[in-house]
Amino acid sequence: MSAEAETKPAQIIGVQAINMALMEAMEADPTVLVFGEDVADPEGGGVLKCTDGLSTRFGDHRVRSTPISEQAIMGAAVGAAIAGMRPVAEIMLMNFISVAMDQLVNHAAKIRYMSGGATSVPLVVRTLTGAGMSLGGQHSDMLEAWLAHTPGLKVVIPSNPADYKGLLLSCIEDDNPCVFIENSTLMYTPGDAPPPGYKVPLGKASTPRVGSDVTLVSYGRPVLDCIAVADKLAAEGISVEVVDLRTIVPMDEAAIFASVGKTGRVVIVHEAVKRFGVGAEIAARINEECHGQLKAPVGRIGAKYSPVPFSSALEKDYIWTAAGIEAAVRKVMG
Amino acid sequence: MSTQQNFPAEPGTAELRDVYSRVMLIKMTDERIRRVIRSGRIATPHYSPRGQEVIAPSVCAQLNPDDYVVTIYRGLQDHLAKGVPLKSLWAEYAGRATGSCKGKGGPMHITHPAAGVVVTTGIVGSGIPIANGLAWASQLKGDGRITVTNFGDGASNIGAFHEGLNLASLWKLPVVFVCSNNTYSEHTTYEKVTAVKRISDRGASYSMPAVTVDGNDPIAMWKAAHEAITRARSGGGPTLIEAMTFRFEGHTNGDDSHYIPADVMAAAKEKDPVPRFRKLLLDGGHATEAELDAIEAKIKDDLDEAVDYALNSPWPDAAELNRDIYDEEIEA
């Protein structure tokens, strides 16, 4: 084995990470079920092949392609979870969650509370989305703020293959309903392969870059640009810390406050529409907890307040850009 | 594990008396709830099952304790027929810590897993897809349980009904879909909002056996339920039962049913299923007046005790606001 192979882990993409996690979970726990549109092998093992091989290995009783019936999919997940299974339902694209919102919001999220803890709903919903692929207004939305605003749900948005695997395994083991949001671009972006059994706890942020001048708080795909900006500005002597939240609910507020306490400057970056977004909640919490430590107003970057446009010419300016993040960092630096 | 109990295809004396006891429990509990609400001692929405009491007992008397029941906001009849204890039910109506949901759900969300009542939803039609998931779990585990999901005629017009019945039929799930057709979707007549003559006509769309039955006739209702339960338990898949009935009280408390013509209401009440059932028992020699009176006396005592228990139970502690949102307590 060469020295390089020893130091550089194998590379995998998000699709492989998801597949590895599902394989491990189904192998370890016979109550884990996978279902959704086109997920079984005769239908291609998922539109991105995330579920490739599962039905062949674990049988079509545990891995089922369903009708295009999001209410029925989500409802079956709720019922199976109440009955002691660990369903992993796939809602092909995040916009289609709107069709199943009653089951997710009125039932999955609330049943534990409304039953006084007599029942629980340990389900996972995997769903794909993300702008940048000219998919237009109904196939690209980031809707995590809707879900984060619904007590009872956990909301997970990873940024790299290792986290995809480690967080998905934690969601499947979690006793609460978890929505696991995959990004269309990240699903094909390579990253380090995690070791077997690798798990990432929910509610724990990571710090891919450590710095002392400015904090970038982000999650999902923009994390990659935050890291790139941090690396670029390091050459100029601006020390940027990047906090990757990984989980929106529960949110690792302690990590945010600790970093802001250190740097005194913060820019929040997310893909979703900026107004009324998760960034507004983060900014409010920083205001409540770190006001005396702030050296500049909290910066916020998100998508424009519009549907996702189709044309690539529009779409590239609709969402965040690395240049925009860099400009925001320079602004809070004064 | 649930095992098939041998219930006869037609109810005999023991079965009819069992069903009648549950019917009377529902009727008397409903009447007491309305009385206590009017007195101001409990503040809650209440969806009276008065007039519809026969359906749920005819089904539930043929279920095992661990079979699942899913129901809706008008669900008192299902809760009681399946065996939710009166005290925990009343305490939940009263919003007390001793309620079946610790006072956090209320009558629209009564949950009592030990009795098999695992979901009560306040959303029309939403129990149907959930029932499929419960039944799928039973199918996978081979635990022999079946799931009964209850809803009204209005629910057959919502998308969840279509998605749910299609999937149940495709996957041959052990579910019985019980539609209590009381001919009113809230204030609107069945004909005005439903394109088919009978809801059972919709079964054909899903290749699902479906039947319309007089839900106020305990013998007809027993037989229809028996066939559906037997089919579900033996792996034959789901059945849709449309049980015809009528609602004597308003959609909810405070609704005076002004939209129901007086002659229609009078004719329905003329055929009140509860006195009709009592007459059937007496005429058929299944019970004596004294025996039926004793059933009522026992229920009255139980209700007195349950109401007293509920109204004297503690209110939930404010700390409950932080509990049961997730598995771990949070600072809500």
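Not measured: the values here are computed from a predicted model.

## Quick look at the overall build of chain B
Then, number 1: Scanning chain B for helices and strands turns up eleven helices and eight strands.
Then, number 2: A globule of 332 residues ought to have a C-alpha radius of gyration of about 20 Å, and chain B, at 19 Å, matches this closely.
Then, number 3: Counted over contacts in chain B with a minimum sequence separation of 6, partners at least 24 positions apart contribute 74%.

## A closer look at the overall build of chain A
Then, number 1: From N to C terminus, chain A includes 13 helices and 14 strands.
Then, number 2: Against the globule reference of 20 Å for 334 residues, chain A gives a C-alpha radius of gyration of 20 Å, in line with a compact fold.
Then, number 3: For chain A, the spread of C-alpha atoms along the principal axes amounts to about 60 × 55 × 40 Å.
Then, number 4: A buried classification covers 56% of the 334 residues belonging to chain A.
Then, number 5: Of the contacts made within chain A by residues no fewer than 6 positions apart, 78% connect residues no fewer than 24 positions apart.

## A closer look at the interface of chain A and chain B
Put simply, an interface is often sized by how much accessible area is lost when its parts join up.
Then, number 1: Each partner contributes to the interface: chain A provides 33 residues, whereas chain B provides 35 residues.
Then, number 2: For the side of chain A that touches chain B, the secondary-structure elements that each account for two or more residues are α4 (70-82), α5 (101-108) and α6 (111-114) of chain A.
Then, number 3: If you tally residues by element for the side of chain A that touches chain B, the top one is α4 of chain A, at nine residues.
Then, number 4: Class assignment for the residues of the side of chain A that touches chain B results in 13 nonpolar, 17 polar and three charged.

## Considering the domain arrangement of chain A
Residue and element names in this part refer to chain A.
Then, number 1: By the assigned domains, chain A splits into domain 1 (11-192) and domain 2 (206-333).
Then, number 2: Of note, the centres of domain 1 and domain 2, computed from C-alpha atoms alone, are 26 Å apart.
Then, number 3: If you look at the interface, domain 1 gives 24 residues, while domain 2 gives 23 residues.
Then, number 4: Among the secondary structure elements, those contributing two or more residues to the side of domain 1 that touches domain 2 are α7 (144-148), β6 (154-156) and α8 (161-173).

## Focus on the pairing of strand β3 (residues 147-152) of chain B
All names here are of chain B.
Then, number 1: A large share of β3 lies buried, amounting to six of its six residues.
Then, number 2: The side-chain alternation of β3 yields two buried faces, one formed by Thr 147, Thr 149 and Phe 151 and the other by Val 148, Asn 150 and Gly 152.
Then, number 3: Where strand β1 (residues 68-72) lies against β3, three bridges are found, and the strand directions are parallel. Considered in β3, the bridge of Val 70 is made with Thr 149.
Then, number 4: Handedness of the crossover joining β3 and strand β4 (residues 175-181) through helix α6 (residues 159-170): right-handed.

## Some words on unusual backbone geometry
Then, number 1: Here the bond from Val 249 of chain A into Pro 250 of chain A is cis, since omega is -5 degrees, no more than 30 degrees from zero.
Then, number 2: Along the chain, Pro 250 of chain A turns up in the loop between β12 (247-249) and α10 (253-263).
Then, number 3: Backbone geometry places Lys 172 of chain B, a non-glycine residue, at a positive phi of 50 degrees.
Then, number 4: Of note, Lys 172 of chain B is situated in the loop between α6 and β4.
Then, number 5: The phi angle at Glu 186 of chain B is positive, at roughly 50 degrees, despite the residue not being glycine.
Then, number 6: Its location among the elements puts Glu 186 of chain B in the loop between β5 (184-185) and β6 (188-189).
Then, number 7: The exposure class assigned to Glu 186 of chain B is partly exposed, which follows from the 13 C-beta atoms found within 10 Å.

## Quick look at the environment of Phe 180 of chain A
All names here are of chain A.
Then, number 1: Within the element layout of this structure, Phe 180 appears in strand β7 (residues 178-183).
Then, number 2: Spatially, the C-alpha atoms of Phe 180 and Leu 224 are 19 Å apart, while their sequence positions differ by 44 residues.
Then, number 3: The residues contacting Phe 180, other than those within four sequence positions of it, are Val 124, Val 125, Arg 126, Val 156, Leu 168 and Cys 171.

## Some remarks on the sheet that holds strand β5 (residues 124-129) of chain A
Residue and element names in this part refer to chain A.
Then, number 1: With respect to topology, seven strands assemble into an open sheet ordered β3-β2-β4-β5-β7-β6-β12, the strand pairing being mixed. Since the sheet does not close on itself, it has two edges, and those belong to β3 (63-65) and β12, each with one partner. Taken over all neighbouring pairs, the strand axes of this sheet differ in orientation by 20 degrees on average, direction set aside.
Then, number 2: By the bridge criterion, five bridges tie strand β2 (residues 32-36) to strand β4 (residues 86-93) in an arrangement that is parallel. The partner of Phe 35 across the bridge, within β4, is Ala 89.
Then, number 3: The strands that helix α2 (residues 14-28) touches are β2, β4 and β7; relative to β2, the one it contacts most, it runs at about 135 degrees.

## Structural notes on the environment of Ser 184 of chain A
Residues and elements named next belong to chain A.
Then, number 1: Relative to the helices and strands, Ser 184 is located in the loop between β7 and β8 (191-192).
Then, number 2: As a C-alpha pair, Ser 184 and Gly 132 span 52 residues in sequence and 8.7 Å in three-dimensional space.
Then, number 3: The residues contacting Ser 184, other than those within four sequence positions of it, are Leu 128, Thr 129, Gly 130 and Met 133.

## Remarks on the nonpolar core
Then, number 1: Judged by nonpolar contacts, the single largest core of 196 residues is most densely connected at Val 156, Leu 216, Val 267 and Ile 325 of chain A together with Val 176 and Ile 241 of chain B.
Then, number 2: Formed jointly, this core draws a minimum of three residues from each of two domains, domain 1 (11-192) and domain 2 (206-333) of chain A.
Then, number 3: Here Ile 241 of chain B is in contact with Val 176, Phe 177, Val 178, Cys 179, Val 211, Val 213, Ala 224, Ala 225 and Ala 228 of chain B, once residues within four sequence places are set aside.

## Here's the deal with helix α9 (residues 222-234) of chain A
Residue and element names in this part refer to chain A.
Then, number 1: Here α9 is 13 residues long and its end C-alpha atoms lie 18 Å apart, about the 18 Å a rise of 1.5 Å per residue gives.
Then, number 2: Every buried residue of α9 is listed here: Pro 222, Val 223, Leu 224, Asp 225, Cys 226, Ile 227, Val 229, Ala 230 and Leu 233.
Then, number 3: Buried positions along α9 lie against β9 (206-209), β10 (214-218), β11 (240-244), β13 (266-273) and α13 (322-333).

## Let's talk about the sheet that holds β4 of chain B
Residue and element names in this part refer to chain B.
Then, number 1: An order of β2-β1-β3-β4-β8-β7 is seen for the six strands of this open sheet, with the pairing classed as parallel. Two strands lie at the open edges of the sheet, namely β2 (117-121) and β7 (210-214), each paired on one side alone. Looking at each pair of strands side by side, their axes are set apart by 20 degrees on average, direction ignored.
Then, number 2: Sheet topology places β3 next to β4; six bridges connect them, and they run parallel. Following the sheet pairing, Phe 151 is matched in β4 by Cys 179.
Then, number 3: Where helix α8 (residues 218-233) meets the sheet, its contacts fall on β4, β7 and β8 (239-244), and the angle it forms with β8 comes to roughly 165 degrees.

## Thoughts on the pairing of β7 of chain A
Residue and element names in this part refer to chain A.
Then, number 1: The buried count for β7 comes to six of six residues, which makes it a mostly enclosed element.
Then, number 2: The alternating pattern of β7 places Cys 178, Phe 180 and Glu 182 and Val 179, Ile 181 and Asn 183 on opposite faces, both of which are buried.
Then, number 3: This β-α-β element, β6 to α8 to β7, shows right-handed connectivity.

## A closer look at the packing of α2 of chain A against α8 of chain A
Residue and element names in this part refer to chain A.
Then, number 1: Viewed as axis vectors pointing N to C, α2 and α8 meet at an angle of 30 degrees, and their least axial separation amounts to 8 Å. One finds that α2 runs roughly parallel with respect to α8. In the crossing of α2 with α8, the sense of the turn from one axis to the other is right-handed. Residues Gly 14, Gln 16, Ala 17, Ile 18, Met 20, Ala 21, Glu 24 and Ala 25 of α2 form the contact with α8, whose own contacting residues are Pro 161, Tyr 164, Lys 165, Leu 168, Leu 169 and Ile 172.
Then, number 2: When grouped by side-chain class, the residues that make up the contact of α2 with α8 number ten nonpolar, two polar and two charged.

Calculation notes
- Residues numbered from 1 in each chain as written.
- Chains lettered and ligands numbered in written order.
- Predicted model: local features only at pLDDT ≥ 70, side-chain atom pairs only at ≥ 80, totals over all residues.
- Helix = DSSP H or I, 4+ residues; strand = E, 2+ residues; numbered from the N terminus.
- Rg over C-alpha atoms; globule rule 2.2 N^0.38 Å.
- Contact = placed C-beta atoms within 7 Å.
- Buried ≥ 20, exposed ≤ 12 C-beta atoms within 10 Å, placed from the backbone.
- Nonpolar A, V, L, I, M, F, W, Y, C, P; charged D, E, K, R; others polar.
- Domains from an automatic or database assignment.
- Pairing = 2+ DSSP bridges.
- Right-handed = clockwise from strand over helix to strand, strands pointing away.
- Axes fitted to C-alpha atoms, helices over the stretch in contact; angles between N-to-C directions.
- Core = buried A, V, L, I, M, F, W, Y, C linked by C-beta atoms within 7 Å.
- Expected span 1.5 Å × (residues − 1).
- Parallel < 35°, antiparallel > 145°, perpendicular 65-115°, else oblique.
- Left-handed = near helix turned anticlockwise from the far one by under 90°.

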